Amino acid sequence: MIDVIIAGGGPTGLMLAGELRLHGVDVLVLERDVEPTEHVRALGLHVRSIEVMAQRGLLERFLANGRQYKIGGYFAALDKPWPERMDTAHSYTLGIPQPVIERLLAEHAVEQGAEVRRGRELVGLSQDEDGVSVELADGTRLRSRYLVGCDGGRSTVRKQLGIGFPGESAKVEMLLGEMEVTAAPEELAAVVTEVRKTQKFFGVGPSREGLYRVVVPAEGLAEDRSVPPTLEEVKQRLRVFAGTDFGVHSPRWLSRFGDATRLAERYRVGRVLLAGDAAHVHSPLGGQGLNLGVQDAFNLGWKLAAEVVGWAPEGLLDSYFIERHPVAARVLDNTRAQAALLANEPGAQAVRRLLAELMEFENVNRYLIEKITAIGVRYDFGEGHELLGRRLRDVELKHGRLYELMYGGRGLLLDQTGRLSVAGWADRVDHVVDVSEELEVPAVLLRPDGHMAWIGDDQQDLLDQLPTWFGAAAG
């Protein structure tokens, strides 16, 4: 029997596979598509996802394949500068197309020992007390202890479980693709700048290898958005908004996407869980979708591994939904707010102008960008220190950097006192005695996802908290 089957080989599923393998969990990823997609739906990683890669020793790979940017405008395309003094050692956006992100995560997962099978589509499932039975489109049947649906907004896993997916249907549809153009770069840039004064959902810009990424509103909602648009449809819509089609030709791929906003009522039914777009869909405003899914996987991976390996305390796996569902709800709300601010009605534009004024205050600007980049996320761990529940940035230590100590996906006690101990949990928690001028607390217990689970200097208090996240002491 396989430990965990993951339905869906996109960024969420591949990130989860790598996380599970860090703990020796047997993982099989089933991906419907025979070949990796060329579709560039997402353009990069935000700060928290960059930190996630740094915490697993993957960041250098990503930096080598992307470009660092410090540009504002992520919240409702309000043109404000990148904020200063953000609570991170990685204060930038990494421009890197989704196909490259998927390739790097797939390489990592396979290096760790995960198996990825392409051209394998899940069409049915059933579960009992001991595991999950999975049926594939080719008639193959598989058995696993757990199943995670990372199979997108039209998730088969979610539908098979009968989980409600309430929210709003798409009101706006966009056409998206990569293609060549014949228009001169100067002419193209000037026209796009003019169009975007009134239509923020419009864009034509350089993408890769002489290609241009085109985004343009569709005329209406297609009956089936899985059917890609034609080049002629793209040309026609470009002429409507720009008065020219820029001579677009030779598309590499074309697709549709909408602004449907939905959130799953549950993330777990028995031994089956949801992550990424299978659990939530929303407008692409702010570029949060891929990042939200990767961060779901980062939260879930160590918890599911603990359940499989056998040391998970009661309720640990359920904390995945408790922590991540509110995060997704807030992302849905901020994308709704951004969409409202982009409307052309006088009232919406008045609010937009007011918010633009407020963002002149550094704290307001930083607050909104922290929402988009997810470094403002704080999980509710109850009463305690103001930092409790937040992730700890990559602080510099006397003997290196914090994230270099977290590559293995284990818990970590960073002890500046040298008087504490994790005896009994050493198989799950590393104890590092080191000091940092950036850390103003005596010691901090970090979960494998980098969130602070305990802060203090009292050994008995630490012993009381360790079982909450890391189960009973060994032996």
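Everything here concerns the structure above.
Since the structure is predicted, the reported quantities are computational estimates derived from the model, not experimental observations.

Rules behind the numbers
Residues numbered from 1 in each chain as written. Predicted model: local features only at pLDDT ≥ 70, side-chain atom pairs only at ≥ 80, totals over all residues. Heavy atoms only, no water. Helix = DSSP H or I, 4+ residues; strand = E, 2+ residues; numbered from the N terminus. Rg over C-alpha atoms; globule rule 2.2 N^0.38 Å. Buried < 20%, exposed > 50% of the residue type's maximum accessible area, 1.4 Å probe, protein only. Contact = heavy atoms within 4.5 Å. Lys, Arg positive; Asp, Glu negative; His and termini not counted. Charge placed at Lys NZ, Arg CZ, Asp CG, Glu CD. Salt bridge = Lys/Arg side-chain N within 4 Å of Asp/Glu carboxyl O. Polar contact = N/O pair within 3.5 Å; in protein donor to acceptor, adjacent residues only side chain to side chain. Axes fitted to C-alpha atoms, helices over the stretch in contact; angles between N-to-C directions. Parallel < 35°, antiparallel > 145°, perpendicular 65-115°, else oblique. Left-handed = near helix turned anticlockwise from the far one by under 90°. Nonpolar A, V, L, I, M, F, W, Y, C, P; charged D, E, K, R; others polar. Pairing = 2+ DSSP bridges.

> Quick rundown of the overall build of the chain? Include the residues and the values.
The helix and strand inventory of the chain stands at 12 helices and 24 strands. Taken against the 2.2 N^0.38 rule, which gives 23 Å for 475 residues, the C-alpha radius of gyration of the chain at 23 Å falls within 12% of a compact globule. C-alpha atoms of the chain, sized along the principal axes, occupy 75 × 60 × 40 Å. When each of the 475 residues of the chain is scored for burial, the buried share is 52%. Contacts spanning at least 24 positions in sequence make up 71% of the contacts within the chain whose residues lie at least 6 apart. Taken as two groups, the 54 positive and 69 negative side-chain charges of the chain have centres that lie 3 Å from each other.

> Explain the pattern of salt bridges to me, and be specific about the residues and the numbers.
Between side chains of opposite charge, a pair can form when the charged atoms approach closely. Under the definition given, this model contains 32 salt bridges. Close ionic contact of Arg391 with Glu51 constitutes a salt bridge, the shortest N to O distance being 2.9 Å. Pair noted here: Arg391 is in the loop between helix H11 (362–373) and strand E19 (396–397) and Glu51 is in helix H2 (residues 47–55), with a separation of 340 residues, a long-range link. For the pair Arg391 and Glu51, one class covers both residues: buried. Across the salt bridge formed by Asp333 and Arg336, the nearest N and O atoms sit 2.9 Å from each other. Pair noted here: Asp333 and Arg336 are both in helix H9 (residues 319–341), with a separation of three residues, about one helical turn. Ionic contacts of the salt-bridge type, sharing partners, join the residues Arg48, Glu51, Asp87, Arg390, Arg391, Arg393 and Glu438 into one network.

> Tell me what's going on with the environment of Gln127, and back it up with residues and numbers.
Within the secondary structure, Gln127 sits in strand E7 (residues 122–127). Here Gln127 falls in the partly exposed class, since its relative accessible area comes to 31%. It is 9.2 Å that separates the C-alpha atoms of Gln127 and Arg145, two residues lying 18 residues apart in sequence. If we ignore the near neighbours within four places in the chain, the residues touching Gln127 are Val132, Leu161, Val269, Gly270, Arg271 and Val272. Polar side-chain contacts of Gln127 include one of 2.9 Å to the backbone oxygen of Val269. Polar side-chain contacts of Gln127 include one of 2.7 Å to the backbone nitrogen of Arg271.

> So what's going on with the packing of H2 against helix H8 (residues 289–309)? Residues and values would help.
The N-to-C vectors of H2 and H8 enclose an angle of 40 degrees; their axes lie 9 Å apart at closest approach. Judged on the interaxial angle alone, H8 and H2 are oblique. Between H2 and H8 the crossing geometry is left-handed. Between H2 and H8, the residues in contact are Arg48, Ser49, Val52, Met53 and Gln55 and Asn291, Val294, Gln295 and Phe298, respectively. Of the residues belonging to the contact of H2 with H8, the class tally is four nonpolar, four polar and one charged.

> So what about the packing of H8 against H9? Which residues, and what values?
In the contact formed by H8 and H9, the axes pass within 10 Å of each other and the chain directions differ by 170 degrees. The angle between the axes of H8 and H9 places the two elements in the roughly antiparallel class. Taking contact as the criterion, the partners of Leu292, Gln295, Asp296, Asn299, Leu300 and Lys303 in H8 are, on H9, Ser319, Tyr320, Glu323, Arg324, Val327, Ala328 and Val331. Tallied by class, the residues present in the contact of H8 with H9 amount to six nonpolar, three polar and four charged.

> Provide a residue-level description of the sheet that holds strand E13 (residues 212–217), including the pertinent values.
Either a parallel or an antiparallel arrangement is found when strands of a sheet pair, and the pairing is made through backbone hydrogen bonds. Judged by pairing direction, the sheet is antiparallel, and its four strands sit side by side in the order E12-E13-E11-E14 without closing on themselves. The sheet is open, and its two borders are formed by strand E12 (203–206) and strand E14 (249–258), each paired with just one other strand. Sheet twist, expressed as the mean angle between neighbouring strand axes with direction ignored, is 15 degrees. Packed on one face of the sheet, helix H7 (residues 231–242) meets strand E11 (173–180), E12, E13 and E14 and runs near 70 degrees to E13.

> Could you give an account of the pairing of strand E9 (residues 141–149), with specific residues and numbers?
Bridge count for strand E1 (residues 2–7) against E9 is five bridges, and the pairing is parallel. Residue Val4 lies in a different strand from E9, and its bridge partner there is Tyr146. As consecutive antiparallel partners, strand E8 (residues 132–136) and E9 are separated by four residues, and within that stretch Gly139 has a phi angle of approximately 95 degrees, a positive value. Relative to strand E17 (residues 272–274), E9 runs parallel, the two sharing three bridges. By the bridge assignment for E17, Val148 is matched with Leu273.

Purely geometric numbers; function is a separate question.
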